[in-house]
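In case you want the letters, here they are:
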Amino acid sequence: MSNSITITRPDDWHLHLRDGAMLAGIAPETTRHFGRAIIMPNLVPPVVTASDAAAYRDRILAARPAGSNFEPLMTLYLTDKTDPNDVAAAYADGLIRAVKYYPAGATTNSDSGVTDIKNVMPVLEKMAEIGLTLCIHGEATEPHIDIFDREAVFIDTTLDPLRRALPELNITSEHITTKDGVDYVKSQPKNHGATITTHHLMINRNHILVGGIKPHYYCLPVAKREEHRIALRAAATSGDPRFFLGTDSAPHTDPAKESGCGCAGCFTATNTMALLAHVFDEDGALPNLEKFASLNGPAHYDLKPNTDQITIEKSDLPVTYPDKIETGDGPVTVFNPGHDIHWRVVD
Ligand code: DOR
Ligand code: ZN
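The sections below set out a description of the structure shown in this document.

How each quantity is defined
- Residues numbered from 1 in each chain as written.
- Chains lettered and ligands numbered in written order.
- Predicted model: local features only at pLDDT ≥ 70, side-chain atom pairs only at ≥ 80, totals over all residues.
- Heavy atoms only, no water.
- Near = heavy atom within 4 Å.
- Polar contact = N/O pair within 3.5 Å; in protein donor to acceptor, adjacent residues only side chain to side chain.
- Areas by Shrake-Rupley, 256 points an atom, 1.4 Å probe, with all protein chains shown as cover.
- 1 Å grid on protein atoms, 1.4 Å probe; cavity = no way out; pocket = protein on both sides within 12 Å on 5 of 7 lines; lining within 4 Å.
- Sits in = over half its atoms within 2 Å of the grid points.
- Nonpolar A, V, L, I, M, F, W, Y, C, P; charged D, E, K, R; others polar.
- Donors = N, O, S within 2.8 Å, 3.2 Å for Na, K, Ca; no water.
- Helix = DSSP H or I, 4+ residues; strand = E, 2+ residues; numbered from the N terminus.
- Buried < 20%, exposed > 50% of the residue type's maximum accessible area, 1.4 Å probe, protein only.
- Points joined across faces, edges and corners; volume = space filled by probe spheres on them.
- Pairing = 2+ DSSP bridges.
- Right-handed = clockwise from strand over helix to strand, strands pointing away.

**Structural notes on the site of ligand 1**
Logical step 1: As a structural note, the neighbourhood of ligand 1 is formed by 13 residues, with Arg 18, Asn 42, Leu 220, His 252 and Ala 264 the closest of them.
Logical step 2: With respect to ligand 1, the side chain of Thr 107 contributes an N or O atom lying 3.0 Å from an oxygen atom.
Logical step 3: Between His 252 and ligand 1, the recorded distance is 2.7 Å, taken from a side-chain N or O atom to an oxygen atom.
Logical step 4: Protein burial of ligand 1: of its 290 Å² of free accessible surface, 99% is covered by the chains.
Logical step 5: Under a 2 Å grid-point criterion requiring more than half of the atoms, the pocket assigned to ligand 1 is the largest cavity.
Logical step 6: Taken together, the residues of the shell around ligand 1 sort by class into four nonpolar, seven polar and two charged.

Written out as structure tokens, the structure is:
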């Protein structure tokens, strides 16, 4: 059994950094270990235009700790009114790396999202033409669809028709949570990748609901049955280039989570690499951790891997992680898998 692994510095292909005091408080948790991250645009108001993205990028760069080379990879929030030429200009300027598709109402701050995919086909056609990636929150939103079925229904009703209409479009299925998602991505050519979160590799829906409701395990898409977690583990640890890390680390303050109507999101930035080392070690797949966290993502986005490395070590005694990160907006609880972790990144 290996007690130490050195890998190319990882990237996070799906991250919520928020803004203001929250951004200032949590940015160091990501910049400590990650080289780059795809930055989600679901601020209030959302990052819709090139100038919104440029200003947000500057605020992120200003929030980096001294000496950090962390690079935010910006995205635009797709709306029914997005202009294909604005998107193309922002990409040509090197300002954005992807466009984010939220079905309207699917999740946190998605009210301005897409109400019908027909409304955004001109943008998607332009993206396919210029080689710009579409990141998709793949959940159907019709109120009658059971929350545990929303990912599978979206594949049939929206994603597969889109793949057939625009096979050249580079797509990232974000934070897949089901065997259906894994199987669909595997059935597609290599310009269709998927991010998988750390927490969906570690928890199933029982963790949220058995023995009392656990708001810090609630996120969207919600964790599913155990058979789905096992399918995600197999995909992530296989080394298959279509699957890569997107933590979806999504900070909310404790009062916002521990509420009668709690927000969706697990905050995993602080301990993600240690948790992943635990998962890959447990599955006898440590040699594939680098592919999942550091190599497959850049290939999907047509970027080079980072040039430096990190080392993750296993100790006999469990490693202690902070329960919470204090921010100017209030405390944010760090994801706790509910069992000991013996891994830590050597800073
Ligand atoms: O759990 C989630 N939290 N899922 C999302 O899609 C959005 C995110 C957030 O912004 O809090
Ligand atoms: Zn997200």
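Now, onward.
**Regarding the coordination of the zinc ion (ligand 2)**
Logical step 1: Protein-derived ligands of the zinc ion (ligand 2) are His 14 (NE2), His 16 (NE2) and Asp 248 (OD), with the metal-ligand distances lying across 2.0 to 2.1 Å.
Logical step 2: As a motif over one chain, the donors of the zinc ion (ligand 2) read H-x1-H-x231-D. Highlighted residues: His 16 in the loop between strand 2 (12–15) and helix 1 (20–31) and Asp 248 in the loop between strand 9 (243–245) and helix 9 (254–257), separated in sequence by 232 residues.
Logical step 3: Overall, His 16 belongs to the buried group, its relative accessible area being 7%.

**Remarks on empty space enclosed by the protein**
Logical step 1: The final tally for this structure, using the stated rule, is five cavities of 30 Å³ or more.
Logical step 2: Looking at the largest cavity, its volume works out to about 130 Å³.
Logical step 3: Along its surface, the largest cavity is lined by 19 residues, and His 16, Thr 107, Leu 220, Asp 248 and Ala 250 are the ones closest to its centre.
Logical step 4: In terms of residue class, the lining of the largest cavity is made up of six nonpolar, ten polar and three charged.
Logical step 5: Roughly 100 Å³ of internal volume is contained in the second largest cavity.
Logical step 6: Taken together, 13 residues form the lining of the second largest cavity, with Gly 138, Glu 151, Leu 159, Ser 173 and Ile 176 sitting closest to its centre.
Logical step 7: Here the lining of the second largest cavity takes four residues from helix 5 (residues 150–165), the largest share from any one element.
Logical step 8: Split into classes, the residues belonging to the lining of the second largest cavity amount to seven nonpolar, four polar and two charged.

**Overview of the pairing of strand 8 (residues 192–196)**
Logical step 1: A large share of strand 8 lies buried, amounting to five of its five residues.
Logical step 2: Of the two faces of strand 8, both are covered, the one formed by His 192, Ala 194 and Ile 196 as well as the one formed by Gly 193 and Thr 195.
Logical step 3: Strand direction decides the pairing type here: strand 7 (residues 171–173) and strand 8, joined by three bridges, are parallel. Bridging from a neighbouring strand, Ser 173 pairs with Ala 194 of strand 8.
Logical step 4: Where the polypeptide runs from strand 7 across helix 6 (residues 179–186) and back to strand 8, its parallel neighbour, the crossover connection is right-handed.
Logical step 5: Judged from the three bridges that link them, strand 8 and strand 9 form a sheet pairing that is parallel.

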